[in-house]
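# Results of the structural survey
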2 protein chains.
Amino acid sequence: MDEAEEFLRLFHEENPQAGPVEPRLSAVRAEIALRGTYLHTPDELGFGARVAWRNSARCIGRLYWRSLTVRDLRHVRDAADIAAECVEHLRLATNAGRVRPVMTVFAPDAPEQPGPCIWNEQLVRYAGYRDAFGNVVGDPRYAGLTDAVTELGWRPPTQRSPFDLLPLAVETAHEGVRLFPVPRDVVMEVPLEHPDLPWFTDLSLRWHAVPAISNMRLSIGGVSYPAAPFNGWYMGTEIGARNLADADRYDMLPEIGERLGLDTSSEATLWRDRALVEINRAVLHSYASAGVTITDHHTESERFLTHIQKEEKAGRQCPADWSWIVPPMSGSLTPVFHRYYETQHLRPEFVLDPDAAQ
Amino acid sequence: MDEAEEFLRLFHEENPQAGPVEPRLSAVRAEIALRGTYLHTPDELGFGARVAWRNSARCIGRLYWRSLTVRDLRHVRDAADIAAECVEHLRLATNAGRVRPVMTVFAPDAPEQPGPCIWNEQLVRYAGYRDAFGNVVGDPRYAGLTDAVTELGWRPPTQRSPFDLLPLAVETAHEGVRLFPVPRDVVMEVPLEHPDLPWFTDLSLRWHAVPAISNMRLSIGGVSYPAAPFNGWYMGTEIGARNLADADRYDMLPEIGERLGLDTSSEATLWRDRALVEINRAVLHSYASAGVTITDHHTESERFLTHIQKEEKAGRQCPADWSWIVPPMSGSLTPVFHRYYETQHLRPEFVLDPDAAQ
Ligand code: HEM
Ligand code: HEM
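These numbers come from a predicted model, not from an experiment.

## Considering the coordination of the iron atom of ligand 1
Perfect tetrahedral coordination of a metal by four donors corresponds to 109.5 degrees between them, and perfect octahedral coordination by six donors corresponds to 90 or 180 degrees. One donor from the polypeptide reaches the iron atom of ligand 1: Cys-59 of chain A (SG), at 2.3 Å. Looking at where Cys-59 of chain A falls in the secondary structure, it is placed in the loop between helix 3 (42–54) and strand 1 (69–72).

Structure (structure tokens):
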């Protein structure tokens, strides 16, 4: 009840039109006494979801936290319906390339009845196929999930590629875990090309348009929503500096360095740094050309500082985690590098359960 | 006495050849009772200085902490002598380009008698001349120090340049603050050229060989050495990604972007990131060509992980500050990015006094 009270006071404080908090507090107190939990009003749910975003210390994209579209699907409990609504989420969020921040909230945990959960880290993830030598085709980060869903009966395409869509693995208390393919046609993807380097398309790289995290629990006023996928749009470095560049992901820098004709015999030639710039240019250029919303780390850093200022003006502290906010490339070129942040922990929030599968 | 005891126990534990700690403890206890402080043996001083380096959570270069040369100049108290020994420090450290880690320890604080201190952040720093419009020629970071020493009677060269050496400002209790020029001939400098871009030399950029921090207090076993300049060699990014690139330092990226013919009309072309790579290549290339020791951020990150492993093997924790250890460019390309660190605070240590002048 402590967390419920804290949340309801916050809701009524920031939403004066909702009237005084006391009547609502006594209602919720009674409901908890009776059922062991309580139901959020749609307004409370929407507010809680937006504030959970506002409180995400690792997120640089919070300037637009008020703009989140919240889909209230708390009545949806069966795996097949959840999967279908995740597909609908992707459709709404993709919006033909003009990506919209959306969150879909499925049934919460209740006493004796855990809510559904989604195993996939994001709604769209690419399979990683491990061969006998430990090499991986596709995304090595999801080799474990690929193994797990294969075990559960998933059949990869006969023609395997580095960008095969993994099925959604949805777990409910009454059905166990079930798999559902994500239809290709709802997954907008962008083939990567470089503004100046024609050979870049020979790499046959691509990435999907919408980053929709699906394995974080949304926690609002003591109520826990284990399945509440949400998406923003991409910041280029997530794709170009991490997904495609990390040595334990697609690890593309050696090949790009080679094709650029760089001297890769010594780290001191900074060939990696140079290749990193080019792949990130390709990402930003390709998304823009394809009409898919994306942001670069310079612009987004500026926006984030604007956000902090706005929050301060509103009398709120803005918690931020330096090591996540500072972009993974050209850190000191961005203004977010040159300062410290509040680090206190605020609720509502998104929580990554330690046992969340990848 | 608590800190003294903690330090002496550490010294005897890591240096068994020094014998049992108890006799030394009672001697120091007696000395403190009598004088309010105590004298480190030369071995204790050397060990304390090296361990202060080992404990520097922000330093990526700690693999070679045992190799520090410690100059015991605790008897030196007069400003002129201190300045002369700083010059000698530079000579020894520069070593014709094969840079050696050196620390020079001057008189400690004693009850009623504060030790000397050096105002300059480093022994070699370039003046920053502010004009009436607020523009700065030289290093804007030291515009304040430049004003201060000018106030104290320093005369800049008649022909001002962006790389004029600031005088040392040495403060002692009995003399106040006094200024001493740093002779040009002990300051090895490297003119910057680029391996592929001939026009780079037209920028007339240069930097000095030896980074020698001179405004941090060395604190060993309760004894405080306010003047104890120390140096390592440069990691290229300190010069190329910070000193010459930061918007509030030499801010060279716009000009380099222009000369590279990059499209600077939008951040999304990543022209800043590209220019950053080229200036850093120039730094590493120029130092190497000039025979001056330097390291790149990839190599140094690997070394640092080796250092952590060695420390763990020795049964010690290695405190590290993620936001300082991860290089200011291409963060996620370096292995130090992809992990967390111990953050506890260990003694002996270097301390930056809040009122240290720049
Ligand atoms: C609108 C555009 C958005 C942008 C550009 C953006 C950007 C980012 C970036 C760059 C990260 C770091 C990702 C990483 O390094 O793995 C991040 C993390 C995060 N963002 Fe956002 N974001 C956006 C929207 C959202 C939305 C709509 C939500 C929730 C409603 C959200 C919640 C989070 C959370 C919880 C994390 C931390 C994830 C984790 O711990 O793994 N973001 N965001
Ligand atoms: C031998 C080569 C060395 C390398 C490559 C190295 C590298 C670095 C780097 C890159 C930084 C961060 C600087 C910044 O971002 O401003 C740093 C900080 C630091 N280093 Fe080292 N270092 C070396 C030697 C030393 C030595 C000999 C000492 C002391 C005996 C030392 C003590 C420190 C301390 C105290 C800091 C933090 C400075 C501050 O708080 O401003 N380092 N080092």
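That shown, we press on.
## Looking at the interface of chain B and chain A
Of the residues lining the interface, 34 residues belong to chain B; the matching set on chain A comes to 34 residues. Approximately 2700 Å² of surface area, both sides summed, lies buried where chain B meets chain A, with 61% of it carried by carbon and sulfur atoms. Together, Leu-270, Asp-273 and Leu-333 of chain B form the three largest contributors to the area buried by chain B at its contact with chain A, with a combined 20%. In this structure, the connection of chain B to chain A is made through zero salt bridges. Our enumeration of links across chain B and chain A arrives at twelve residue pairs in polar contact (both at pLDDT 80 or more). A per-element tally of the side of chain B that touches chain A places helix 8 (residues 271–289) of chain B first, with nine residues. Broken down by class, the residue content of the side of chain B that touches chain A amounts to 14 nonpolar, ten polar and ten charged.

## Regarding the side chain of His-298 of chain A
Structurally, His-298 of chain A can be placed in helix 9 (residues 297–313). On the accessibility criterion, His-298 of chain A (4% relative accessible area) is buried. A polar contact is formed between the side chain of His-298 of chain A and the side chain of His-297 of chain A, at a distance of 3.4 Å. Aside from chain neighbours lying at most four places away, what touches His-298 of chain A is Leu-333 and Thr-334 of chain A together with Glu-267, Leu-270, Arg-272 and Asp-273 of chain B.

## Some thoughts on unusual backbone geometry
Residues and elements named next belong to chain A. At the junction of Arg-347 and Pro-348, the peptide bond is cis and its omega measures out at -5° in the coordinates. Along the chain, the position of Pro-348 falls in the loop between helix 10 (322–325) and strand 16 (349–352). Positive phi outside glycine occurs at Ser-204, with the angle close to 55°. With a phi close to 60°, Leu-270 is a non-glycine residue in the positive phi region. Assignment of secondary structure puts Leu-270 in the loop between helix 7 (253–259) and helix 8 (271–289).

## Quick look at the site of ligand 1
Residues and elements named next belong to chain A. In the region of ligand 1, 17 residues are neighbours, and Trp-53, Arg-58, Cys-59, Phe-230 and Asn-231 sit closest. Between ligand 1 and Trp-53, the relevant distance is 3.3 Å, taken from a nitrogen atom to a side-chain nitrogen or oxygen of the residue. Arg-58 places a side-chain nitrogen or oxygen 2.9 Å from an oxygen atom of ligand 1. Grouping the constituent residues of the shell around ligand 1 by class yields ten nonpolar, five polar and two charged.

Here is what the cut-offs are and how they apply
- Residues numbered from 1 in each chain as written.
- Chains lettered and ligands numbered in written order.
- Predicted model: local features only at pLDDT ≥ 70, side-chain atom pairs only at ≥ 80, totals over all residues.
- Heavy atoms only, no water.
- Donors = N, O, S within 2.8 Å, 3.2 Å for Na, K, Ca; no water.
- Helix = DSSP H or I, 4+ residues; strand = E, 2+ residues; numbered from the N terminus.
- Contact = heavy atoms within 4.5 Å.
- Buried area = accessible area lost by both parts, 1.4 Å probe.
- Salt bridge = Lys/Arg side-chain N within 4 Å of Asp/Glu carboxyl O.
- Polar contact = N/O pair within 3.5 Å; in protein donor to acceptor, adjacent residues only side chain to side chain.
- Nonpolar A, V, L, I, M, F, W, Y, C, P; charged D, E, K, R; others polar.
- Buried < 20%, exposed > 50% of the residue type's maximum accessible area, 1.4 Å probe, protein only.
- Near = heavy atom within 4 Å.

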